[in-house]
Amino acid sequence: MICGTDEAGRGPIAGPVVAAAVILDPENPIEGLNDSKKLSEKKRNRLSAEIKDKALYWAIAQADVEEIDRINILWASMNAMTRAVEALPVQPSKVLVDGNRVPQLKVPAEAIVGGDASEQCIAAASILAKVERDRQMIEWHQRYPQYEFDKHKAYGTAKHIELLKQHGPCPIHRKSFRPVRELLP
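Residues numbered from 1 in each chain as written. Predicted model: local features only at pLDDT ≥ 70, side-chain atom pairs only at ≥ 80, totals over all residues. Heavy atoms only, no water.

## Notes on the side chain of Asp116
Right, on to step 1. If you trace the backbone, Asp116 turns up in helix α4 (residues 115-118).
Right, on to step 2. The residues contacting Asp116, other than those within four sequence positions of it, are Asp6, Asn34, Asp35, Lys37, Asp98, Ile122, Ala123 and Ser126. (Helix = DSSP H or I, 4+ residues; strand = E, 2+ residues; numbered from the N terminus. Contact = heavy atoms within 4.5 Å.)

The following block contains the structure:
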């Protein structure tokens, strides 16, 4: 009952940080799991569906923009991972966390730098978190098309910064992040 957890969305300047927790089924392996950033969008989407179908348990949670701005992105990420692990219908025996810090959990946990490339359960969590966050950014694009969230997923690309300067921040922009903060009155 080893659980992997990872987040997506620490770097963007808008939107939530999303975390996932996954307990894989050793009897039902999934081919092609890897760090979500190393996979094409098409492959991530296919693997996300397969993970949801084959994993023993999985859960997704997040921290919204208000929480990120209130406590900072690191602690909001930790909270999102804690929520994802606690949302599992079973308590894992151990949690493997991508990175160099461990969120507050009620079970033993180990931080693994580069874990999304070396541990299958973390890679699976990485994929679920990234696919869910991207899905949400496409939904936000419907509400705020002027920012083109569907293209850059709220990362601070040159185009996003240009659109941010042109239109000013919207409610899902992270006000504590410098490119946004600099445009606030």
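Structure shown, so let's carry the discussion forward.
## Here's the deal with the pairing of strand β4 (residues 94-98)
Right, on to step 1. Among the five residues in β4, four count as buried, and that is most of the element.
Right, on to step 2. Looking at chain direction, strand β1 (residues 2-8) and β4 are connected through four bridges and run parallel. Residue pairing in the sheet places Cys3 in a bridge with Val95 of β4.
Right, on to step 3. Looking at chain direction, β4 and strand β5 (residues 109-112) are connected through four bridges and run parallel. (Buried < 20%, exposed > 50% of the residue type's maximum accessible area, 1.4 Å probe, protein only. Pairing = 2+ DSSP bridges.)

## Comments concerning the pattern of salt bridges
Right, on to step 1. Going through the model one piece at a time under the given rule, you end up with 12 salt bridges.
Right, on to step 2. Two residues, Arg44 and Asp134, come together in a salt bridge whose shortest N-O distance is 3.6 Å. Within this pair, whereas Arg44 is found in helix α1 (residues 41-54), its partner Asp134 is found in helix α5 (residues 120-143), the two being separated by 90 residues in sequence.
Right, on to step 3. Residue Arg44 is classed as buried on the basis of its relative accessible area, which comes to 9%. (Salt bridge = Lys/Arg side-chain N within 4 Å of Asp/Glu carboxyl O.)

## Some thoughts on the pairing of β1
Right, on to step 1. A large share of β1 lies buried, amounting to six of its seven residues.
Right, on to step 2. Direction of pairing for β1 relative to strand β2 (residues 17-23): antiparallel, over a ladder of five bridges. Bridge pairing links Thr5 to Ala21 in β2.

## Remarks on unusual backbone geometry
Right, on to step 1. At Asn72, a position not held by glycine, the phi torsion is positive, near 100°.
Right, on to step 2. Here Glu148, not a glycine, exhibits a phi torsion of approximately 60°, which is positive.
Right, on to step 3. The residue Glu148 is located in the loop between α5 and α6 (149-152) in this model.

## Points about the sheet that holds β5
Right, on to step 1. Within the open sheet, the five strands sit side by side as β3-β2-β1-β4-β5. Their pairing is mixed. Each of the sheet's edge strands pairs with one partner strand only, and the pair in question is β3 (57-63) and β5. Each neighbouring strand pair of the sheet contributes to a mean axis angle of 20°, computed without reference to strand direction.
Right, on to step 2. Those strands touched by α5 are β1, β2, β3, β4 and β5, and its axis lies near 35° from that of β1. (Axes fitted to C-alpha atoms, helices over the stretch in contact; angles between N-to-C directions.)

## Some points on the layout of surface pockets
Right, on to step 1. For the largest pocket, the calculated volume is near 170 Å³.
Right, on to step 2. Considering the residues around the largest pocket, the lining is formed by 14 residues, among which Glu7, Ala8, Gly9, Lys37 and Tyr155 are closest to the centre.
Right, on to step 3. Among the elements of the structure, β1 and α5 are those that each provide at least two residues to the lining of the largest pocket.
Right, on to step 4. Counting residues per element, the lining of the largest pocket draws most heavily on β1, which supplies three residues.
Right, on to step 5. Looking at the lining of the largest pocket, its residues break down into three nonpolar, four polar and seven charged. (1 Å grid on protein atoms, 1.4 Å probe; cavity = no way out; pocket = protein on both sides within 12 Å on 5 of 7 lines; lining within 4 Å. Points joined across faces, edges and corners; volume = space filled by probe spheres on them. Nonpolar A, V, L, I, M, F, W, Y, C, P; charged D, E, K, R; others polar.)

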